[in-house]
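Understanding the architecture of this molecule
Chain by chain, the residues run as shown.
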Amino acid sequence: MLVLGIESSCDETGVALYDTDNGLVGHTLFSQIKMHAEFGGVVPELASRDHIIKLPQLINQLLDQTNTSKKDIDAVAYTQGPGLIGAVMVGACFATAFAKSIGVPALGVHHMEGHLLAPMLEDTPPEFPFVALLVSGGHTMLVDVKAIGQYEILGESLDDAAGEAFDKTAKMMGLPYPGGPLLSKLAQSVDASRFTFPRPMIDRPGMDMSFSGLKTSVRNAIKKEVENETFDEQCQKEIAFGFEHAVCSTLSIKCKRALEHTGHKTLVIAGGVSANVRLREQLGTMCQSKRSKLFYARPEFCTDNGAMIALAGALRLNAGQSSTQSVDVKPRWPIDTLEPLS
Ligand code: ATP
Ligand code: MG
Ligand code: FE
């Protein structure tokens, strides 16, 4: 079965073709980052309008690149939520109309389930059951994954998502939007820091997390350095290092608890922040000490993309899930309310 996947929940327009027999056939992506950068964040109305313009172009490009005809497509999967309502609506309407026009079913999928399954696009995919750490711009949660659609939330951030903390901290340091990856680059250019920031909530039992206090500590540190006229490039790098270290250590401690709590021997990390090199290293070391295996997707499939949506849709359709009849978007949609496959 050949599935066309369409992602449009935020500021990336992504399309991909996934074949249930042969895996990923191809994918293309357009990022709206440049358009939103001058506003310092995503402008929802601009995002929706641009998705409408880019979707037909990207699909034509993908079909050309992969030598595929519309007739070869067996189903269309699209992000039904969670996300920006206008952006999700555009993708849902487009996908449903496109599917109708070629006479195939359309299926709405959960954006975070897409992220969660993205490591399965790689050559050595993780096997169920596993613990998943979803770390993105809007979510930070630990999930006990027993099978597709069987998700139990073990813990989550009580305030900012990890990616949001990266972006907001980067903004405080004067880095352009979206600052997360830039902040991480700065952090990697040094190998020590005179700044030690708090690891939020590690002394409390459980697997919930919090990142807004950490952000405040960084703000105070920057303020002090600026007042002392010592906020130079080296200082910026060391603050970035200290911040990244605090986030990664906190996530590592919580992941370790989740492995111990569930008894699972596999940890999967997904979402934009799972592209972070230090996080991968630190979790790799932790997993080794727990005789567990760590899985993640290639960086381009950590952030938003069409491939993860095509994959999630293909797995669900292949298991017999019926198509979505109406265009019913879900800007808020808890992942633990999804339907299991059997
Ligand atoms: P959600 O998936 O929760 O709806 P989103 O789709 O906006 O949110 P993603 O596209 O998964 O989030 O990820 C984007 C986030 O990942 C941004 O906050 C970005 O700063 C962060 N990010 C990307 N690369 C890195 C990196 N190397 N280090 C740290 N953060 C990163
Ligand atoms: Mg994005
Ligand atoms: Fe996302």
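Residues numbered from 1 in each chain as written. Chains lettered and ligands numbered in written order. Predicted model: local features only at pLDDT ≥ 70, side-chain atom pairs only at ≥ 80, totals over all residues.

**Some words on the site of ligand 1**
Near ligand 1 there are 23 residues, and of these Gly137, Gly138, Gly163, Gly180 and Gly272 occur at the shortest range. For the shell around ligand 1, the secondary-structure elements that each account for two or more residues are α4 (111-117), α5 (162-172) and α6 (180-188). Tallied by class, the residues present in the shell around ligand 1 amount to 6 nonpolar, 15 polar and 2 charged. When residues of the shell around ligand 1 are assigned to domains, at least three fall in each of domain 1 (2-117 + 301-337) and domain 2 (127-296). (Near = placed C-beta within 6 Å. Helix = DSSP H or I, 4+ residues; strand = E, 2+ residues; numbered from the N terminus. Nonpolar A, V, L, I, M, F, W, Y, C, P; charged D, E, K, R; others polar. Domains from an automatic or database assignment.)

**Considering the confidence of the model for the chain**
Model confidence for the chain is summarised by a mean pLDDT of 96, while 100% of its residues fall at 70 or above. Across the chain, the secondary-structure element scoring lowest on mean pLDDT is helix α1 (residues 33-37), at 94, and the one scoring highest is strand β9 (residues 266-270), at 99. The ipTM assigned to the predicted complex is 0.99, against a pTM of 0.97. (pLDDT = per-residue confidence, 0-100.)

**Notes on the nonpolar core**
One finds Val76, Ala77, Leu267, Ala310 and Leu311 to be the most contacted residues of the largest nonpolar core, which totals 105 residues. Residue contributions to this core reach at least three from each of two domains, namely domain 1 (2-117 + 301-337) and domain 2 (127-296). Setting aside anything within four residues of it in sequence, one finds Ala310 in contact with Val3, Leu4, Gly5, Ala16, Leu17, Tyr18 and Ala77. (Core = buried A, V, L, I, M, F, W, Y, C linked by C-beta atoms within 7 Å. Buried ≥ 20, exposed ≤ 12 C-beta atoms within 10 Å, placed from the backbone. Contact = placed C-beta atoms within 7 Å.)

**A short note on helix α9 (residues 277-289)**
In this model, α9 (13 residues) spans 19 Å end to end at C-alpha, consistent with the 18 Å of a helix rising 1.5 Å per residue. Those residues of α9 lying buried are Leu279, Leu283, Met286 and Cys287. Buried residues of α9, viewed axially, fall in a sector of 100 degrees; they line one side. Within α9, the exposed residues directed more than 90 degrees away from the buried face are Thr285, Gln288 and Ser289. If you follow the buried residues of α9, they end up packed against α8 (233-262), β9 and β10 (293-296). The first or second residue beyond α9 is Arg291, which carries a positive phi of 50 degrees. (Expected span 1.5 Å × (residues − 1). Arc of directions from axis to C-beta.)

**Considering the packing of α5 against α6**
Viewed as axis vectors pointing N to C, α5 and α6 meet at an angle of 75 degrees, and their least axial separation amounts to 8 Å. Taken together, the axes of α5 and α6 lie roughly perpendicular to each other. Contact with α5, carried on its side by Gly163, Phe166, Asp167, Thr169 and Ala170, involves Gly180, Leu182 and Leu183 of α6 and no other residues of that element. Class assignment of the residues belonging to the contact of α5 with α6 gives a composition of 4 nonpolar, 3 polar and 1 charged. (Axes fitted to C-alpha atoms, helices over the stretch in contact; angles between N-to-C directions. Parallel < 35°, antiparallel > 145°, perpendicular 65-115°, else oblique.)

**What to know about the environment of Gln188**
Tracing the chain through its elements places Gln188 in helix α6. Assessed through the 15 C-beta atoms surrounding it within 10 Å, Gln188 is described here as partly exposed.

**Thoughts on the sheet that holds strand β7 (residues 140-147)**
The sheet built from 5 strands is open, its strands ordered β8-β7-β6-β9-β10 with mixed pairing. Edge positions in the sheet fall to β8 (150-156) and β10, since each of these pairs with one other strand and no more. Shown here is a sheet whose adjacent strand axes are inclined to one another by a mean of 25 degrees, direction ignored. Pairing geometry for β9 and β10, over 4 bridges, is parallel. (Pairing = 2+ DSSP bridges.)

**Digging into the sheet that holds strand β4 (residues 75-81)**
Two orientations exist for strands paired in a sheet by backbone hydrogen bonds: parallel and antiparallel. Taken in spatial order, the 5 strands make up an open sheet running β3-β2-β1-β4-β5, and their pairing is mixed. Every other strand in the sheet has two partners, leaving β3 (23-31) and β5 (106-110) as the edge strands with one partner each. This sheet shows a mean twist of 20 degrees between the axes of neighbouring strands, independent of strand direction. The sheet contact formed by β4 and β5 spans 5 bridges and is parallel. Along β5, the bridge assignment pairs Gly81 with His110. Set on the sheet, helix α3 (residues 85-102) makes contact with β1 (2-7), β4 and β5; between it and β4 the angle comes to about 160 degrees.

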